[in-house]
Amino acid sequence: MAGTAITHLLFPFIFILILLSTAASRHLNEKLYVVYMGDITSPDIQDYSQTAATESHLSLLHSLLESHEAAEQSLVHSYWKSFNGFAAWLSSSHVEHLSNTDGVVSVFESKNAQLLTSRSWDFVGLPLSQQTNDLEYQSDGYGQNQKVSMTLDWVPFPQNGGERAKQHPTSKPAISTTAFIRSTLQTKSSFCSEILKIIGAKFYYKGLGSQPAAGEFTSPRDSNGHGTHTSSTAAGSIVRNGSLFGLAQGDVRGGVPGARVAIYKVCWLDSCSDVDILAAFDDAIHDGVDVISVSIGHSGSLFFPLEYFKDSIAIGAFHSMKRGILTSNAACNDGFEGSVCNYSPWSLTVAANTIDRQFKAQLTLGNQTSFEGRVINTFTMEQPWYPLVYGGDAANISGGFSSEDSSGCGLYSLDRSKVEGKIVLCYLANPTDLPDGGVYVSGGAGAIIMYDPMNDTAFSFMVPATVISSEQGEIVRSYINSTRSPIANIAKSVAGNDLPAPIIASFSSKGPSGITPDLLKPDITAPGVDILAAWSKVAPMSQDPLDKRAVDFNIVSGTSMACPHATGAAAYVKSFHPDWSPAAIKSALMTTASTLDATLDGNGAAELGYGAGQINPLKATNPGLVYDADANSYINMLCSQGYNETSLRLLTGEFISCPSNLSKNGVWELNYPSIMVISNASEPFLAQFPRTVTNVGPAKSTYEAKIEAPFGMNVTVEPDTLTFTSSNQKMSYNVKIESRIVPDDYALLSGALTWSYDNYSVRSPILVYYNVKQ
């Protein structure tokens, strides 16, 4: 499913096919690389100036190149505000030399990540009536005073309702560096007054190697719609009676409508360079945001998993975590087991699930046979009946297209004289064929699209359309062949209840990760299917450039849409607990998540698809216990994974000595809110997981352990009772998992550990993953 457009699946829109070697080269033997050098080494971060950083980086390049001028031409960008490093055009020999240079953590080619792209907030239990603990802006809703960074995205289009907000009645600076606001807002004052919740915006394109393409705004402005949609989902203000041509009508708002947003645009034509991603992180961390939302990712993790410190998003998220900022990431849209991206343990990895609403349009044939197809069809056809033709019978022969070509209704593949004014039956074998475009340019009245892989997601098209199964399509084709004058009608979509829900979306990438498979990823799931939110009026509604409809709101799907739901939930929790660490906030979201019914998951991924479950923001504000972790916790895990002390010292800017008693399975010892064992062995195993919880609930409380053991496993907890006598008290326990059976080949065995006291239930999923190699 990677890169599926049905372009409309905004997965590509933040999270998707990894495009190798796409950076423009200055010379045939050079490519654009990132040289990552770890944390800022100066004791006082303010003392490490841009000038000092640039000179240091030029000096290093000068040692490789023939002159200072050559070094200046090679250097593309210096990172100096929040971490140390630079981007430069380098040859393979330069890369080899730098990789072995003291002070360098990693050198990696800059690749392109892609975008992974209402009612949903009510569905996760955060109704409009709820408020945060900060009551400073009662009139603007909850999430007040939080600064959400929508990194790697576009600035919402100025006139969109979902982003409108009155000026906050406060003298507090919205961000720590007020000069940032003054110097980087690239728009007129009217923009500021209409969308005051956007407190700053920057854009980055050095990773392109050239100016942005024609048609792009060389500014933070949104020409795509993705940035408007994701930012309004996380923090959009309340808009009454919003809809897409009457569909999904109701109050539209973000999870934290009182929060303020900073935008860092790094994506151009759906691709986002590592060079620019790191530059955006460097700025966002320094600017002092509270939460970072990243609805983009490097797809292709199933075959090409990225090491943590050769992954720009993982690097940025690590330094964010060190500064107390949680990074919320989309899990990618590849759909397959093992394809999850953005899997670093210090970030929140978000899958996508359905909500209890779906959009369907009824197709009726002249013989009164009817089918309902899942689709966003905003059109009402003017006539009761239209002639019906099969695309394969209407090939544009003179244009060089065969019947096989035209069966998919690809662009210019249809003979206009045979389809004009007719509904066309199209077989969609390749999601990038865009059958509606072919029907549109040929004057067709509508499209019936046969497509099987994703029946849980509704797409928008440029013409009246519905999507049916191949089996149903064959019935339609038989009808066409049975009569001289086949006719049909496609009704406008209607919204209906989609029960049961939530179910993990078919496109949502599944674990385990290829780098640390014993760490359960994704962490959490959130609504990401058929999500209504604000949209840029200059962006095509259906994501097809030929589509000229301008809308205030749009309905789209993707892990890009799920990610800002989790971001909003994290900001909501942080408004109650501003002193909590990123790990504590993530723990609260995971241990209070609503569990999903694995039997309803058609692909059988279970926790590999949804992690701990669906976000429950209200419960997450009062979790009872949290699993906390800091940079040292992750460093110890990295030590056990084979990272050397020298690199780790650069990474942290501190003296690091890896503990001598770390086990090879150090990830089991990470204080994580979930537990996972992965085994390729045909022998029984014994695994132990030490954990420490911090009491953030009632000062005096006693929690008891309840174990749901995975099938064939013995699970014990010692001690099985935790008695707290004060707030913020820490207590430790150990989980032991011993296998009693060994499956013949593949098995996912699910369980859970829940600590209970009064009305508190602190749940950690347990997953045993067997993939026995014969």
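Residues numbered from 1 in each chain as written. Predicted model: local features only at pLDDT ≥ 70, side-chain atom pairs only at ≥ 80, totals over all residues. Heavy atoms only, no water.

## Regarding the packing of aromatic side chains
Here is step 1 of the chain: Going through the model one piece at a time under the given rule, you end up with 19 aromatic pairs.
Here is step 2 of the chain: An aromatic cluster of at least three residues, connected via ring pairs, comprises Tyr36, Tyr308, Phe309, Phe318, Tyr343, Trp346, Tyr634 and Tyr643.
Here is step 3 of the chain: Of note, Arg221 hangs over the ring of Phe217, and the distance from its end group to the ring centre comes to 4.3 Å. (Phe/Tyr/Trp six-rings, centres within 6.5 Å; stacked < 30°, edge-to-face > 60°. Lys NZ or Arg CZ within 6 Å of the ring centre and 35° of its normal.)

## A look at the pattern of salt bridges
Here is step 1 of the chain: Applying the stated criterion to the full structure yields 12 salt bridges.
Here is step 2 of the chain: Between Lys202 and Asp287 there is a salt bridge; the shortest N-O distance is 3.9 Å. Here the residue Lys202 occupies a position in strand E7 (residues 198-203), and Asp287 occupies one in helix H8 (residues 274-287), the gap between them amounting to 85 residues. Residue Lys202 shares its accessibility class with Asp287, and that shared class is buried.
Here is step 3 of the chain: Where Arg649 meets Glu645, a salt bridge forms, and the shortest distance between an N and an O atom there is 3.3 Å. You can see Arg649 and its partner Glu645 sitting in helix H19 (residues 645-652), four residues apart, about one turn around the helix.
Here is step 4 of the chain: Residue Arg649 is classed as partly exposed on the basis of its relative accessible area of 30%.
Here is step 5 of the chain: One salt-bridge network, held together by shared partners, links Lys81, Lys202, Asp283 and Asp287. (Salt bridge = Lys/Arg side-chain N within 4 Å of Asp/Glu carboxyl O. Helix = DSSP H or I, 4+ residues; strand = E, 2+ residues; numbered from the N terminus. Buried < 20%, exposed > 50% of the residue type's maximum accessible area, 1.4 Å probe, protein only.)

## Things to note about the state of the cysteines
Here is step 1 of the chain: Under the defined criterion, the tally for this structure stands at four disulfides.
Here is step 2 of the chain: Two residues, Cys267 and Cys272, share a disulfide whose sulfurs are 2.0 Å apart. Torsion about the S-S bond of the Cys267 and Cys272 cystine: about 105 degrees, corresponding to right-handed handedness.
Here is step 3 of the chain: For Cys267, a relative accessible area of 0% puts it in the buried group.
Here is step 4 of the chain: The disulfide that involves Cys639 links it to Cys658, with 1.9 Å between the sulfurs. Judged by the sign of its S-S torsion, about -75 degrees, the cystine formed by Cys639 and Cys658 is left-handed. Here Cys639 is found in helix H18 (residues 631-640), whereas its partner Cys658 is found in the loop between H19 and strand E29 (675-679), with 19 residues between them in sequence. (Disulfide = S-S within 2.5 Å.)

## Topic: the confidence of the model for the protein
Here is step 1 of the chain: Of the residues in the protein, 83% reach a pLDDT of 70 or more, and the chain-wide mean stands at 84.
Here is step 2 of the chain: Confidence over residues 42-46 falls short of pLDDT 50; this stretch has seven contacts with residues more than four positions distant or in other chains.
Here is step 3 of the chain: Here residues 134-142 scores under 50 on pLDDT; set against residues more than four positions off or in separate chains, the count is 34 contacts. (pLDDT = per-residue confidence, 0-100. Contact = heavy atoms within 4.5 Å.)

## What to know about the layout of surface pockets
Leftover empty space is mapped by rolling, across the atoms, a probe with the size of a water molecule.
Here is step 1 of the chain: By volume, the second largest pocket amounts to about 340 Å³.
Here is step 2 of the chain: Taken together, 18 residues form the lining of the second largest pocket, with Gln50, His77, Ser78, Tyr204 and Lys206 sitting closest to its centre.
Here is step 3 of the chain: Counted by class, the lining of the second largest pocket contains nine nonpolar, four polar and five charged residues. (1 Å grid on protein atoms, 1.4 Å probe; cavity = no way out; pocket = protein on both sides within 12 Å on 5 of 7 lines; lining within 4 Å. Points joined across faces, edges and corners; volume = space filled by probe spheres on them. Nonpolar A, V, L, I, M, F, W, Y, C, P; charged D, E, K, R; others polar.)

## A short note on the nonpolar core
In summary, soluble globular proteins display a tendency toward joint burial of nonpolar side chains.
Here is step 1 of the chain: Ranked by size, the top nonpolar core spans 124 residues in total, and within it Ile296, Phe309, Ile737 and Trp755 carry the most contacts.
Here is step 2 of the chain: Looking at this core element by element, the count peaks at eight residues for H8.
Here is step 3 of the chain: Excluding its chain neighbours within four sequence positions, the residues that come into contact with Phe309 are Tyr36, Val105, Ser106, Phe108, Ile315, Phe318, Trp346, Leu638, Tyr643 and Leu651. (Core = buried A, V, L, I, M, F, W, Y, C linked by side-chain atoms within 4.5 Å.)

## What about the sheet that holds strand E2 (residues 75-79)?
Here is step 1 of the chain: The antiparallel open sheet is built from four strands, whose spatial order is E2-E3-E1-E4. Each having just a single partner strand, E2 and strand E4 (106-109) make up the two edges of the open sheet. Each neighbouring strand pair of the sheet contributes to a mean axis angle of 20 degrees, computed without reference to strand direction.
Here is step 2 of the chain: One ladder, built from four bridges, connects E2 with strand E3 (residues 85-90); its direction is antiparallel. Along E3, the bridge assignment pairs Leu75 with Ala88. (Pairing = 2+ DSSP bridges. Axes fitted to C-alpha atoms, helices over the stretch in contact; angles between N-to-C directions.)

## With respect to the packing of helix H7 (residues 226-235) against helix H14 (residues 559-576)
Here is step 1 of the chain: In the contact formed by H7 and H14, the axes pass within 7 Å of each other and the chain directions differ by 30 degrees. In terms of axis orientation, H7 runs roughly parallel to H14. Note on packing geometry: the crossing formed by H7 with H14 is right-handed. In this structure, H7 contributes His226, His229, Thr230, Thr233 and Ala234 to the contact, and H14 contributes Ser560, Met561, Pro564, His565 and Gly568.
Here is step 2 of the chain: Split by residue class, the contact of H7 with H14 holds three nonpolar, seven polar and no charged. (Parallel < 35°, antiparallel > 145°, perpendicular 65-115°, else oblique. Left-handed = near helix turned anticlockwise from the far one by under 90°.)

## A word on the sheet that holds strand E5 (residues 112-115)
Here is step 1 of the chain: One open sheet holds the four strands; their spatial order is E11-E12-E5-E14, and the pairing between them is antiparallel. The open sheet has two free edges, formed respectively by strand E11 (267-268) and strand E14 (296-297), since each of these has just one partner strand.
Here is step 2 of the chain: Of the pairings in the sheet, the one linking E11 to strand E12 (residues 271-273) comprises two bridges and is antiparallel in character. Of the residues in E12, the one forming a bridge with Cys267 is Cys272.

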